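# Coordinate analysis (summary)
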Amino acid sequence: MPIGPRLRSLLFVPGDDGGKLAKAVDVPADALLVDWEDSVASQNKAKARAQTIKLTQQGFSLQQAMFIRINPVCSSAFEGDCEAIGKCAVDGILLSKCASADDVRLLEQILNSVDMLKKCCIYPLIESPSALINASSIATASDRVAALAFGAEDFSTEMDIVRSEDEIELLYARSCLVTHSRAAGRDTLDSPCIDFHNPERLRAAGTRARRLGFTGKLAIHPSQVAILNEVFSPSEEELKRASRMIAAASPNTGVFSFDGRMVDEPILKQARKILQKQKG
Ligand code: COA
Ligand code: MG
């Protein structure tokens with residue numbers, strides 16, 4: 001079964017930007033996600049790899065999990081990325097534009113050959129309609145797959161989707177992805193909100209994603225992290241209500257009335273899950 005940590009927020013940092021990398025280590029994201037893919041120009045891929053190797057070999061312990069987003073299996077940068085990840089002690093690899101279970105198995109083989117990456121998890125990015133259709137086999141392709149992540153920008157481009165404020169056009173894709181992930185016992189991470197000067201929009205998007213069953217969301221700017229950590233954690237009110245409900249339950253009664261509503265086993269199960277999330 002998957003072994004990844006619970007992640008509410010993952011902060012993207014362009015791998016070739018030393019200034020942002022230095023700044024990111026102080027941001028309380030659950031994971032730092034060093035990007036080697038689309039935020040790094042082709043001529044800077046080598047620099048991004050070298051800087052990441054240096055960062056992961058510095059020997060100080062980061063408060064966050066350390067992740068890298070690598071280039072797609074079918075790209076010319078993939079081979080160089082694989083060589084470089086062998087020198088990075090990282091907790092997770094986001095596999096961009098993952099197309100099939102074969103892509104996951106190829107990355108798994110590479111990780112299996114590096115002792116330092118024994119516990120490194122795989123996070124396939126689902127960014128095309130065909131990948132969405134393959135989501136179930138991608139999620140179960142390896143025990144290293146801890147979560148599926150949604151790449152809304154590339155997905156929308158391929159689908160000719162024109163997004164409105166509430167992204168209703170992507171509701172099916174998001175819901176479908178969470179369903180396939182959860183059926184495989186995996187977590188699901190939502191695509192970042194690129195409107196990074198708009199905290200209200202981020203909060204609304206994060207809340208919608210959590211309600212759909214996503215467990216966390218990618219971030220592109222440090223200011224987004226605290227909002228995501230809050231949105232993907234149970235609120236004080238939720239925790240109190242869940243505790244009160246469990247205290248009110250009796251082993252001799254299947255169904256009872258609580259705060260004017262009916263409670264039975266599935267509702268108690270929801271309450272237990274809320275308390276479990278708090279324990280992380
Ligand atoms: N990680 C770490 N530090 C970051 C950061 C990030 N993702 N984004 C911004 N910062 C830093 C900036 O360097 C700046 O630092 P300074 O005050 O020391 O100069 C500070 O936070 C404020 O940044 P701001 O001026 O608001 O943003 P910007 O115009 O410099 O950068 C982006 C905007 C979108 C280019 C930037 O946030 C970014 O590169 N995000 C990640 C993009 C990415 O990886 N995309 C790929 C996946 S979609
Ligand atoms: Mg993408």
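Remember, it's a predicted structure, so these values are computed and weren't measured experimentally.

## Examining helix α8 (residues 171–183)
Over its 13 residues, α8 extends 18 Å from the first C-alpha to the last, a length consistent with the 18 Å expected when each residue adds 1.5 Å. Of the residues making up α8, those classed as buried are A173, R174, C176, L177, V178 and S181. Positive phi shows up at G185, right after α8, with a value of about 75 degrees.

## As for the environment of P28
Inspection of the secondary structure assignment puts P28 in the loop between α1 (18–24) and β2 (31–35). The spacing of P28 and K269 is 241 residues in sequence and 30 Å in space, taken between C-alpha atoms. With sequence-adjacent residues up to four places away left out, P28 is seen in contact with S9, V225 and N229.

## Some thoughts on the sheet that holds strand β3 (residues 65–70)
Read around the closed barrel, the eight strands follow the order β1-β2-β3-β4-β5-β6-β7-β8; overall the barrel is parallel. Going across the sheet, the axis of each strand differs from the next one's by a mean of 25 degrees, ignoring polarity. As paired strands, strand β7 (residues 187–190) and strand β8 (residues 216–219) are joined by two bridges and run parallel to one another. Looking at β8, one finds that D190 is bridged to K217.

## A few points about the site of ligand 1
Near ligand 1, the surroundings consist of 14 residues, among which F12, K20, K23, I220 and H221 are the closest. A distance of 3.1 Å separates an oxygen atom of ligand 1 from a polar side-chain atom of K23. With respect to ligand 1, the side chain of H221 contributes an N or O atom lying 2.7 Å from an oxygen atom. For the shell around ligand 1, the secondary-structure elements that each account for two or more residues are β1 (9–14) and α1. Among the elements that take part in the shell around ligand 1, β1 stands out by supplying four residues, more than any other. Tallied by class, residues from the shell around ligand 1 come to eight nonpolar, two polar and four charged.

## Quick word on the layout of surface pockets
Estimated volume of the largest pocket: approximately 1,100 Å³. In this structure, the largest pocket is lined by 41 residues; those nearest its centre are R210, Q270, K273, I274 and K277. Secondary-structure elements contributing two or more residues to the lining of the largest pocket are β7, α9 (199–212), α10 (225–231), α11 (236–248), β10 (261–263) and α12 (265–279). Per-element accounting of the lining of the largest pocket gives the leading share, seven residues, to α12. A breakdown of the residues in the lining of the largest pocket according to their chemical character gives 18 nonpolar, nine polar and 14 charged. There are two domains that each give the lining of the largest pocket at least three residues, and those are domain 1 (9–231) and domain 2 (236–279). Volume-wise, the second largest pocket comes out at about 280 Å³. Forming the walls of the second largest pocket are 20 residues, and the residues nearest its centre are F12, R69, E153, P192 and I220.

Definitions and limits used
Residues numbered from 1 in each chain as written. Chains lettered and ligands numbered in written order. Predicted model: local features only at pLDDT ≥ 70, side-chain atom pairs only at ≥ 80, totals over all residues. Heavy atoms only, no water. Helix = DSSP H or I, 4+ residues; strand = E, 2+ residues; numbered from the N terminus. Expected span 1.5 Å × (residues − 1). Buried < 20%, exposed > 50% of the residue type's maximum accessible area, 1.4 Å probe, protein only. Contact = heavy atoms within 4.5 Å. Pairing = 2+ DSSP bridges. Axes fitted to C-alpha atoms, helices over the stretch in contact; angles between N-to-C directions. Near = heavy atom within 4 Å. Polar contact = N/O pair within 3.5 Å; in protein donor to acceptor, adjacent residues only side chain to side chain. Nonpolar A, V, L, I, M, F, W, Y, C, P; charged D, E, K, R; others polar. 1 Å grid on protein atoms, 1.4 Å probe; cavity = no way out; pocket = protein on both sides within 12 Å on 5 of 7 lines; lining within 4 Å. Points joined across faces, edges and corners; volume = space filled by probe spheres on them. Domains from an automatic or database assignment.

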